Amino acid sequence: MHVTLRQLQVLEAVARLNSYTKAAESLHLSQPGVSMQIKQLEESIGLPLFEHVGKKIHLTAAGREMFSYSQRIIQLLDEADTIIEEMKGLQSGRLAISVATTASHFATRLLAAFAKQYDGVTISLDITNRESLRRQLEYNEPDLVIMGQPPVGVDTYSEIFMENPLVMIASPEHPLAKERNIPLEHFQNEHFVVREAGSGTRGAIERFFNEHGVSFHTGIEMSSNEAIKQAVEAGLGLGIVSIHTLELELATQTLVLLDVQDFPIIRHWHLVHRTGKRLSPPAEAFRQFVHANADSILPRFSAQARFQASK
């Protein structure tokens, strides 16, 4: 059996993405080029790797075996690349970071400060939702992930590096905007603008209200925190979001924090990677940089949340 690394990379991408088209985009190849690589690999093996059922493709038994081997081979080559980069030091190298959309407001600042200190490192940043982060961790794609609660069902290692207070927001014209020490029970008849079901923030909010024996009613579901803030500003309801998403709105007073008993809901930001992953020198440098500098680069957000909680 004579196979090439490129053929294994193509097989891995097609099987992982379940699409010839997406694999071609991921590998910067044409779709016919991807099809040719798979055909040549099948001819070398002597068995089909994929079967087509309608418009969908499925791995054959041989395909599943080759997919498993291709993942292991690619991972070994990545580890070899990591060792070589360690020998080179931090004068070059790549850093692939994936970030939850809620964390994008401060993560870009951390990366900018890191880039100034390590200007030889090329940084790749993907800002995406929780489900995408879970998939990326499952396939061991990024070096590190910045997110809230690490996903269940994926073997990961995580480290807390900063508090993530969830605060209640309203339009400045809302009747409760100037109230103080509002009991949580007051909000059991209020409607909230919230993230979609399955988001980490949504789950934390629902658990918090349930633990305090207060009903939580969703009025409108939004797919992003920006949309929630705009809806709350327009008076469509109240919102509960991370304090780290509110810098501009608090500065311009387009939104206000409500003074609510037992608030904020304290969560945490985590640095996450697959268990057993050997971090490259740039990734390890960034991990240490975050732990050493997050509080000094982003002090005012946590301070604002603590002030709100102590009113």
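Residues numbered from 1 in each chain as written. Predicted model: local features only at pLDDT ≥ 70, side-chain atom pairs only at ≥ 80, totals over all residues. Heavy atoms only, no water.

A. The overall build of the protein, seen in detail. When you go through the protein residue by residue, the secondary structure sums to 11 helices and 11 strands. Seen along its three principal axes, the alpha-carbon backbone of the protein occupies a region of about 75 × 50 × 30 Å. For the protein, buried positions account for 45% of its 311 residues. Residue pairs in contact within the protein that sit at least 24 positions apart in sequence constitute 75% of those at least 6 positions apart. In the structure as shown, the protein presents an accessible area of about 15,900 Å², 50% of it carried by carbon and sulfur atoms. The protein carries 29 positive and 36 negative side-chain charges, and their two centres are separated by 2 Å. (Helix = DSSP H or I, 4+ residues; strand = E, 2+ residues; numbered from the N terminus. Buried < 20%, exposed > 50% of the residue type's maximum accessible area, 1.4 Å probe, protein only. Contact = heavy atoms within 4.5 Å. Areas by Shrake-Rupley, 256 points an atom, 1.4 Å probe, with all protein chains shown as cover. Lys, Arg positive; Asp, Glu negative; His and termini not counted. Charge placed at Lys NZ, Arg CZ, Asp CG, Glu CD.)

B. Quick peek at the packing of aromatic side chains. Across all of its chains, the model carries 12 aromatic pairs by this definition. Judged by centre distance (6.0 Å) and plane angle (75 degrees), the ring pair of Phe 208 and Phe 209 falls under edge-to-face. Assigned by exposure class, Phe 208 and Phe 209 land together as buried. The rings of Phe 187, Phe 192, Phe 208, Phe 209, Phe 216 and Phe 263 are connected pair by pair, giving a single aromatic cluster. The positively charged end of Arg 16 is found above the aromatic ring belonging to Tyr 139, 6.0 Å away from the centroid. (Phe/Tyr/Trp six-rings, centres within 6.5 Å; stacked < 30°, edge-to-face > 60°. Lys NZ or Arg CZ within 6 Å of the ring centre and 35° of its normal.)

C. Examining the pattern of salt bridges more closely. In the structure shown here, the tally under the stated rule is 12 salt bridges. With a shortest N-O distance of 2.8 Å, Glu 284 and Arg 287 are connected by a salt bridge. Of this pair, Glu 284 and Arg 287 both sit in helix α10 (residues 281-297), 3 residues apart, which is roughly one turn of that helix. Judged by relative accessible area, Arg 287 falls into the buried class, the value being 18%. Taken together, the shared-partner salt bridges in this structure form one network comprising Glu 12, Arg 16, Arg 135 and Glu 141. (Salt bridge = Lys/Arg side-chain N within 4 Å of Asp/Glu carboxyl O.)

D. Spotlight on helix α2 (residues 20-27). All of the buried residues along α2 are Tyr 20, Ala 23, Ala 24 and Leu 27. Buried positions in α2, seen along its axis, are confined to an arc of 100 degrees and lie on one side of it. Between the side-chain oxygen of the N-cap and the backbone nitrogen of Thr 21 there are 3.2 Å, and the N-cap of α2 in question is Ser 19. (Arc of directions from axis to C-beta. Polar contact = N/O pair within 3.5 Å; in protein donor to acceptor, adjacent residues only side chain to side chain.)

E. Inspection of the pairing of strand β1 (residues 50-53) at higher detail. Of the strand pairs in this sheet, β1 and strand β2 (residues 56-59) are connected by 4 bridges, and their pairing is antiparallel. Residue pairing in the sheet places His 52 in a bridge with Ile 57 of β2. Counting the residues between successive antiparallel strands, the hairpin from β1 to β2 contains 2 residues, one of them, Gly 54, with a positive phi of roughly 65 degrees. (Pairing = 2+ DSSP bridges.)

F. Region of interest: the nonpolar core. With 23 residues, the main nonpolar core has Leu 95, Phe 106, Ile 146, Phe 161 and Phe 286 as its most contacted residues. Listing elements by their share of this core, those giving two or more residues are β3 (94-100), α5 (104-117), β5 (144-147), β6 (156-170), β11 (265-274) and α10. Ranked by the residues each element gives to this core, the list is headed by α10, at 6 residues. Ignoring any residue separated from it by four or fewer positions in sequence, one finds Phe 161 in contact with Phe 106, Leu 110, Ile 146, Trp 269, His 270, Leu 271, Val 290, His 291 and Ala 294. In this structure, Ala 170, Phe 187, Ile 205 and Leu 258 belong to the second largest nonpolar core, which totals 21 residues. (Core = buried A, V, L, I, M, F, W, Y, C linked by side-chain atoms within 4.5 Å.)

G. Summary view of the environment of Gln 288. Checked against the element boundaries, Gln 288 lands in helix α10. Remark: the alpha-carbon pair of Gln 288 and Ala 15, spanning 273 residues in sequence, is separated by 35 Å. A polar contact of 2.8 Å, which involves the side chain of Gln 288, links it to the side chain of Glu 284.

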